[in-house]
Amino acid sequence: MFKLENILRQNIKELKPYSSARSEFNGQATIWLDANENPNESGVNRYPDPNQLELKKLVSDLKGLPVEQIFIGNGSDEAIDLLFRAFCEPGIDKAYCFPPTYGMYEVSAKINNVALESIPCLENFELPSIERINSVTTSKGLVFICSPNNPTGTQHPLEKIKKICRSFSGIVIVDEAYIDFAKGQSATSLLQTEPNLIVLQTLSKAFGLAGLRLGMAFSSPAVTSVLNNIKPPYNINTLSQKEGIKALKNISTTTSQIELIIKERTTLTTLLKNLDVVDKVFPSQANFILVKFHDAEKVYNFLKSNGTIVRNRSNQIRETLRITVGTPMENKKLIKLLKELE
Ligand SMILES: *Cc1c(COP(=O)(O)O)cnc(C)c1O
């Protein structure tokens, strides 16, 4: 059974969070002499809202979740790091993931001196059986499920995620960086019933705001307040908050871009399948396609020498390149280049 107080680190339980000037008083005033700011207005001379309330309200409307269940991080990478710091005693607790998957879990685990145990996915990139997972995990720590998974594009069924939440008494993180490109539903629908679930999303991919560094973690109000207590007070800068707000108020642009990217994914998949240099195209629920070539290294170098960069994933999955879906023109050029290799 999951109990927050059983898995929260002692130092975090004892933490009295830093109280910033902007969080102690945030009402109306005309003269602000509380934060040692330079009083000359420039648009950025004041500290940003530490609670990112306007941004969170828009996220709340979009996701149908209350503000108390929304954490905003400096990219989802910040949330990943904070989760290690809140729930894993360095050198003692463990985290678990299902490779091939996103490399940041490993890096963040290492930085926090936490052992990350791999429970490999099945041949078809599905998650291992519950029995297999239970045989490896202990009663604490973090389980990372990336869905749709990077770099395979596989989306994992919610039924399975729910079962993992119920059989593991630590924290289960579902990283949904690519959910906006997927057919299946978001795991946020499980938050009501699964208190140990955290769903990560980001504005870096579908929303086209990678440069702003805006990541989101959705979880129970109790877990959300843990994250809020340990984050740097002003983790989201003024300009990022402003641009994020602008993008969320103009959601139709994003929606039509997502539609086009999904359409291009289908076209690109078909065209790739017909190439002689291609061995296999894996079905994708994300904005990239994992492709197995007969000689991935050769294809990678050829594309590179023609100014086109893809991601070589051959060290994770034999002879594969991960190709991001570009604009229709970029995709056309990619196919034209690959045809030159035939
Ligand atoms: C790109 C990516 C992220 C990155 O998110 P940021 O919000 O840009 O930090 C997180 N998870 C996965 C699986 C990704 O591929």
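Higher on the page you've got the structure.
Residues numbered from 1 in each chain as written. Predicted model: local features only at pLDDT ≥ 70, side-chain atom pairs only at ≥ 80, totals over all residues. Heavy atoms only, no water.

Undergrad: Can you lay out the overall build of the chain for me, pointing to particular residues and giving the numbers?
TA: Of the regular secondary structure elements, the chain holds 13 helices and 11 strands. Its C-alpha atoms give the chain principal-axis dimensions of roughly 70 × 50 × 30 Å. Counting every position in the chain, which comprises 342 residues, the buried fraction comes to 51%. Long-range pairs, those at least 24 residues apart, make up 69% of the contacts in the chain between residues at least 6 apart in sequence. If the 40 positive side-chain charges of the chain are averaged to one point and the 36 negative ones to another, these points end up 2 Å apart. (Helix = DSSP H or I, 4+ residues; strand = E, 2+ residues; numbered from the N terminus. Buried < 20%, exposed > 50% of the residue type's maximum accessible area, 1.4 Å probe, protein only. Contact = heavy atoms within 4.5 Å. Lys, Arg positive; Asp, Glu negative; His and termini not counted. Charge placed at Lys NZ, Arg CZ, Asp CG, Glu CD.)

Undergrad: How would you explain the pairing of strand β5 (residues 171–175) if you had to name every residue and give the values?
TA: Among the 5 residues of β5, 5 are classified as buried, and the element is accordingly described as predominantly covered. Here 5 bridges tie strand β4 (residues 142–146) to β5, and the two strands are oriented parallel to one another. Within β5, the residue paired with F144 across the bridge is I173. Pairing of β5 with strand β6 (residues 197–202), which is carried by 4 bridges, proceeds in the parallel orientation. Bridge pairing links I173 to I198 in β6. (Pairing = 2+ DSSP bridges.)

Undergrad: Give a detailed account of the site of the ligand, specifying residues and quantitative values.
TA: As a structural note, the neighbourhood of the ligand is formed by 13 residues, with D175, Y178, T202, S204 and K205 the closest of them. Between an oxygen atom of the ligand and a side-chain N or O atom of N150, the distance comes to 2.9 Å. Contact between the ligand and T202: an oxygen atom at 2.6 Å from a side-chain N or O atom of the residue. Relative to its unbound accessible area of 390 Å², the ligand is 93% covered by the protein chains. Its residues assigned to classes, the shell around the ligand comprises 4 nonpolar, 5 polar and 4 charged. (Near = heavy atom within 4 Å. Polar contact = N/O pair within 3.5 Å; in protein donor to acceptor, adjacent residues only side chain to side chain. Areas by Shrake-Rupley, 256 points an atom, 1.4 Å probe, with all protein chains shown as cover. Nonpolar A, V, L, I, M, F, W, Y, C, P; charged D, E, K, R; others polar.)

Undergrad: Tell me what's going on with the packing of aromatic side chains, and back it up with residues and numbers.
TA: Counted according to the given criterion, the structure contains 8 aromatic pairs. For the ring pair Y47 and Y234, a centre distance of 4.4 Å and an interplane angle of 20° mean the geometry is stacked. On the criterion of sequence distance, the pair formed by Y47 in the loop between α3 (21–24) and α4 (53–63) and Y234 in the loop between α9 (221–230) and α10 (238–249) is long-range, its members being 187 residues apart. Measuring from centroid to centroid gives 5.4 Å for Y102 and Y105, while their planes differ by 80°, and the two rings are edge-to-face. (Phe/Tyr/Trp six-rings, centres within 6.5 Å; stacked < 30°, edge-to-face > 60°.)

Undergrad: So, the pairing of strand β11 (residues 320–324): which residues are in play, and what are the values?
TA: Residues in a regular strand project their side chains so that they alternate between the two faces of the sheet. For β11, the tally of buried residues reaches 4 of 5 residues, placing the bulk of the element in the interior. For strand β9 (residues 288–293) and β11, the ladder comprises 5 bridges, and the chain directions are antiparallel. Among the inter-strand pairings, K292 is bridged to a residue of β11, identified as T320. One ladder, built from 2 bridges, connects strand β10 (residues 311–312) with β11; its direction is antiparallel. Note on β11: the bridge partner recorded for N312 is L321.

Undergrad: I'd like a description of the nonpolar core, backed by residues and values.
TA: Counting 46 residues, the largest nonpolar core has I145 and V172 as its most contacted members. When residues of this core are assigned to their parent elements, the largest contribution, 4 residues, is made by helix α8 (residues 158–167). Those residues in contact with I145, other than ones at most four positions away along the chain, are F98, L127, H156, I161, I164, V172, I173, V174 and D175. (Core = buried A, V, L, I, M, F, W, Y, C linked by side-chain atoms within 4.5 Å.)

Purely spatial values, then, with no claim about function.
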